[in-house]
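# Summary of the model geometry
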Amino acid sequence: MIPLSEPLLRGNEWKYIKDCLDTNWVSSVGKYVDLFEEEFAKYIGCQRAVAIVNGTSALHLALRTLGIGPGDEVIVSALTFIAPVNAIKYVGATPVFADSQADTWNMDPEKIEKLINSKTKAILPVHIYGHPVDMDPVLELAKRYNLYVVEDATEALGSEYKGKKVGTLGDAGVFSFNGNKIITTGGGGMLVTNNIEIADKTKFLCNQAKETKPNKEFYHPEIGFNFRLTNVLAAMGLAQLEQLPDFVRARRNNAALYYRYLNNVPGIIIQEEKPWAVNCFWLFSIVLDETSPVKRDELINALAVKGVDSRPFFTPVNMFPPYKDCLGQTPVAFLLYQRGINLPSSVNLTQENIFHICSVIAEFIDGRK
Ligand SMILES: *Cc1c(COP(=O)(O)O)cnc(C)c1O
C-alpha cells in the first residue's frame, strides 16, 4: 500500500535522542528544547517559538494566553480537522464557522465580515492541506474590528504567503509534529509569535504557571497546564527541522508530478497554488467537478484496490453533533467535502508511485465515460 503521508527519519534523529539518553536529560528541560525553539523561530522568521506537547494543546494555549474565554466568539474555518474548533471550546468560547473559497478551499475572507459582532474576539484561519489562507483581507478585518488572529499552520509548515512563512502573520501561529505532518516528533507542537509578551505568557502557562522563588519554592499565581514538550522529542524535532527544506522541496516536486500526470484527466480539479502563495503540499488533493462520472468513494475504493491509500476531505466540523447548532452557513465547504480526495504525499514517494496513482485515477474515470 502506498500510504497517505509517512514520516522520513534519516537525519540526526538517533544521534540527538541518544545524546539525551546518554546525558540523562530526558524530561522537559534540556538543550534540545531551547535549540529546537531557537532554530524553529529562525526557520519561520519570527521572534519566538515555544515548544508544546502537541498542536491541539498549542492552539488551546494560544487562545488562553490571549485571554479568550466564556462569552467570546471565534471565527474558524469549517473545513478543517476538528482540533482548532475543540480548542475554542476548551477555553469556553464559541466557534462561528467560516465557509471555504471554492479554489483554495480555505476560509473565504469575503464571507467573514458578516459573522463579526460585539462578541467576536478572534479569527482562527486554518491553512488547509498546505495552501495559505488569503491573509491580507483577514488581517485587515482583524485590525478594523480589533480582533486577534491565531493561525492554525499545522498543515502548512514551510508554506509562504506573499514571501512570509505562514504562522507569522497573525498574533500567534501554531504547528503540529504529529506522525503524518510535515516534520514529526511522534507527537508535538509549537507556538510562534513576534510578540514577546505572548511568548513569555505561553511558556509560563505551559509549565503550570510556575514561578520559582529564590529558595526554590514553587509559586503559582494562576491556573496553568502541563503542556511541555520533552527534551527527547525536541531532539527528534531538531533533527527533523534540519531536513525540512528538503522535505518541502520533495513535497513540491510530488505536486509538480501530479500536475503533469493529472493535467488532462477530465472531471477533476487539481489543487492550486495562487500566485501569492508557496504551498508545502502537505496533502496533495483533488476535487471531483460537477462533470465527473465517478463519485468520491468509488474513486477512493478503486485506488485502494490498486494499493493506493487516499482519504476524503475533512467533514466540515459544523456537521458533527457537538457543533451542529453553531452559527455560520458553509455550503462551499460542504460541496468540497463531498468531492475532495487527499492523495499520497510522502516525502519519499517515487516518480513511479505518482505515475501509478495518476494512471489508476485516469483509467477509472475513463472507464466510466
Ligand atoms: C494535525 C492538526 C492539528 C493538531 O494536531 P496535533 O495532533 O494535536 O498535534 C490541528 N489542526 C489541524 C488543522 C491539523 O491538521
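Below is a summary of the structure that appears in this document. (Residues numbered from 1 in each chain as written. Predicted model: local features only at pLDDT ≥ 70, side-chain atom pairs only at ≥ 80, totals over all residues. Heavy atoms only, no water.)

### Examining the state of the cysteines
Quick note on the threshold: Count a disulfide wherever a pair of cysteine sulfur atoms falls within 2.5 Å. Burial classes follow relative accessibility: with a 1.4 Å probe on protein chains only, a residue under 20% of its type's maximum area counts as buried, one over 50% as exposed, and anything between as partly exposed.
Applying the stated criterion across every chain, the model contains 0 disulfides. Here C280 stays unpaired: no disulfide links it, and the sulfur of C46, its closest cysteine neighbor, is 17 Å away. The class of C280 is buried, set by a relative accessible area of 0%.

### Side note on the sheet that holds strand 1 (residues 48-52)
Formally: By the convention used here, strands pair only if DSSP detects at least 2 bridges between them. Numbering of helices and strands runs from the N terminus; a helix is a DSSP stretch of H or I covering at least four residues, while a strand is a stretch of E covering at least two. Where helices are involved, their axes are fitted lines through C-alpha atoms of the stretch in contact, as for all axes, and angles between N-to-C directions lie from 0 to 180°. Residue contacts are defined here by distance: any two heavy atoms, one from each residue, within 4.5 Å place the two residues in contact.
Read from one edge to the other, the open sheet built from 7 strands follows the order 1-9-8-5-4-2-3, with strand pairing classed as mixed. Because the sheet does not close on itself, it has two edges, and the strands there are strand 1 and strand 3 (94-98). Here the average twist between neighbouring strands, direction ignored, is 25 degrees. For strand 2 (residues 73-77) and strand 4 (residues 120-124), the ladder comprises 4 bridges, and the chain directions are parallel. For V74, the partnering residue across the bridge sits in strand 4 and is A122. Its contacts with the sheet put helix 2 (residues 31-44) on strand 1, strand 8 (172-176) and strand 9 (189-193), and the angle it makes with strand 1 is roughly 130 degrees.

### Observations concerning the packing of aromatic side chains
We apply this condition: Pairing of aromatic rings covers Phe, Tyr and Trp, the last counted by its six-membered ring, and requires centre-to-centre distances within 6.5 Å; plane angles under 30 degrees mean stacked, over 60 mean edge-to-face, and any other angle means tilted. A positively charged side chain is recorded as over a ring if its NZ (Lys) or CZ (Arg) lies within 6 Å of the ring centre. The angle to the ring normal must also be within 35 degrees.
Within this structure, the stated rule accounts for 20 aromatic pairs. Their ring planes at 45 degrees and their centres at 5.9 Å tell us that F81 and F314 sit as a pair that is tilted. Highlighted residues: F81 in the loop between strand 2 and helix 4 (83-90) and F314 in the loop between strand 15 (311-312) and helix 9 (331-339), separated in sequence by 233 residues. Relative to Y337, the ring of F334 has its centre 6.0 Å away and its plane inclined at 45 degrees; by these criteria the two rings are tilted. Separated by 3 residues within a single helix, F334 and Y337 lie in helix 9, roughly one turn from each other. Residue F334 is classed as partly exposed on the basis of its relative accessible area, which comes to 34%. Residue placement shows K210 over the ring face of F218; its charged tip is 4.3 Å from the ring centre. A cation sits over an aromatic face here: K213 above Y219, 4.9 Å from the ring centre.

### Concerning the pairing of strand 1
Burial within strand 1 is extensive, with 4 of its 5 residues counted as buried. The sheet contact formed by strand 1 and strand 9 spans 5 bridges and is antiparallel. Of the residues in strand 9, the one forming a bridge with A51 is M190.

### Some points on the layout of surface pockets
Our working rule: We place a 1 Å grid over just the protein atoms. Points where a 1.4 Å probe fits but has no way out form a cavity, open points with protein on both sides within 12 Å along at least 5 of 7 lines form a pocket, and any residue with an atom within 4 Å of a point lines it. Grid points are joined across faces, edges and corners, and a volume is the space filled by probe spheres set on the points. Residues are grouped as follows: Ala, Val, Leu, Ile, Met, Phe, Trp, Tyr, Cys and Pro are nonpolar; Asp, Glu, Lys and Arg are charged; all remaining types, including Gly, are polar.
Quantified by volume, the largest pocket comes out at close to 280 Å³. F81, A83, S176, N178 and K181 are the residues nearest the centre of the largest pocket, which is lined by 21 residues in total. Counting only elements with at least two residues in the lining of the largest pocket, the list comes to helix 3 (55-65) and helix 4. The greatest single-element share of the lining of the largest pocket, amounting to 3 residues, is contributed by helix 3. A class-by-class count of the residues in the lining of the largest pocket yields 7 nonpolar, 10 polar and 4 charged.

### Remarks on helix 3
Applied cut-off: Contacts described as polar in this section are N or O atom pairs within 3.5 Å, which, within protein, must combine one atom able to donate a hydrogen with one able to accept it, while residues neighboring in sequence count only if both atoms come from side chains.
For helix 3, the tally of buried residues reaches 9 of 11 residues, placing the bulk of the element in the interior. Taken residue by residue, helix 3 has G55, S57, A58, L59, H60, L61, A62, L63 and T65 as its buried positions. Where helix 3 begins, the capping side chain belongs to N54, and its oxygen is found 3.1 Å from the backbone nitrogen of T56. Positive backbone phi, at 80 degrees, marks G67, one or two positions downstream of helix 3.

### A word on the site of the ligand
Stated formally: Put simply, a residue is near a molecule or strand once any heavy atom of it comes within 4 Å of that molecule or strand. Areas reported here follow the Shrake-Rupley algorithm with a probe of radius 1.4 Å; residue values treat only the protein chains shown as occluding. Whether a molecule sits in a cavity or pocket is decided by its atoms, more than half of which must lie within 2 Å of the grid points.
In the region of the ligand, 16 residues are neighbours, and T56, D152, E155, S176 and K181 sit closest. Between D152 and the ligand, the recorded distance is 2.7 Å, taken from a side-chain N or O atom to a nitrogen atom. Residue S176 places a side-chain N or O atom 2.7 Å away from an oxygen atom belonging to the ligand. Isolated, the ligand exposes 390 Å² of accessible area, and the fraction of that covered by the protein chains is 91%. If you map the ligand onto the pockets, it falls in the largest pocket. Residues belonging to the shell around the ligand are distributed by class as follows: 5 nonpolar, 8 polar and 3 charged.

### Re helix 5 (residues 135-145)
Put simply, the rule reads: Regarding the arc, it is the one traced by the directions from the helix axis to the C-beta atoms.
For helix 5, the full list of buried residues reads M135, V138, L141 and A142. Seen along its axis, helix 5 keeps its buried residues to an arc of 130 degrees; they face one direction. Residues of helix 5 that are buried sit in contact with strand 4, strand 5 (148-152) and strand 6 (160-161). Following helix 5 by one or two positions, N146 adopts a phi angle in the positive range, close to 60 degrees.

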